[in-house]
Amino acid sequence: MRFGLGGDWRMSRRKAEAPEVEREKDTLLVGVGKRVRERRTGLRLTQIQAADACDVPQTLIFSAEAGLQNLTLKTLGKLAKGLNTTVRDLMPVTPEVLEQERPPPQTLAEAVEKLDRVTQEAARLAQLVSFLLRHSQHAPHHPPSAGERGPEQ
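Note that the coordinates shown come from a computational prediction; the quantities given were computed from them, not determined experimentally.

Among the structural elements, Leu-29 can be located in helix 2 (residues 27-42). With sequence-adjacent residues up to four places away left out, Leu-29 is seen in contact with Ala-64, Gly-67, Gln-69 and Asn-70.

Val-36, Val-56, Ile-61, Leu-71, Leu-79 and Leu-90 are the most contacted members of the largest nonpolar core, which has 15 residues in total. Contributing elements (two or more residues each) for this core: helix 2, helix 3 (47-54), helix 4 (58-65) and helix 5 (73-82). Contacts of Val-56, omitting those with residues within four sequence positions, involve Ala-51, Ile-61, Thr-75, Lys-78 and Leu-79.

Time to look at the pattern of salt bridges. Here the structure, examined in full by the defined rule, presents four salt bridges. The salt bridge partner of Arg-40 is Glu-65, with a shortest N-O separation of 2.5 Å. Placement of the pair is Arg-40 in helix 2 and Glu-65 in helix 4, with a sequence separation of 25 residues. Judged by its relative accessible area of 5%, Glu-65 falls in the buried class. Within this structure, Arg-37, Arg-40 and Glu-65 form a network of salt bridges that share partners.

Basis of the calculations
Residues numbered from 1 in each chain as written. Predicted model: local features only at pLDDT ≥ 70, side-chain atom pairs only at ≥ 80, totals over all residues. Heavy atoms only, no water. Helix = DSSP H or I, 4+ residues; strand = E, 2+ residues; numbered from the N terminus. Contact = heavy atoms within 4.5 Å. Core = buried A, V, L, I, M, F, W, Y, C linked by side-chain atoms within 4.5 Å. Buried < 20%, exposed > 50% of the residue type's maximum accessible area, 1.4 Å probe, protein only. Salt bridge = Lys/Arg side-chain N within 4 Å of Asp/Glu carboxyl O.

Written out as structure tokens, the structure reads:
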């Protein structure tokens, strides 16, 4: 019998390890997957039909739609082309993007609505700052030691 760090040890070591814990899904990958699925179903394609149109394996369509596949730019381009859309349209839309793409207000009512949204956001930020300031004051403050003090005036 051989004792040492041979190949047998490594195999038995891997078998003894605990199963991998499921990781939290990346929100960007989930968002892209949702957009791919929306586009595919909007075209009334099955995953197999979409895979053929995109020249990718069906398993890639499945894993992308499930938010499990970290797609390369090249693959994202294939998906966009096969689904008759653009890479940009396959990217998830964030509230910031929506706000940037919204045209400027054309009427007084639209301007007031935008002002209300901005005012509400400013109020939320002010509450957050107030909260952070209150809680940072509760943190113990230690005066700097002699070695940490700056030059005496």
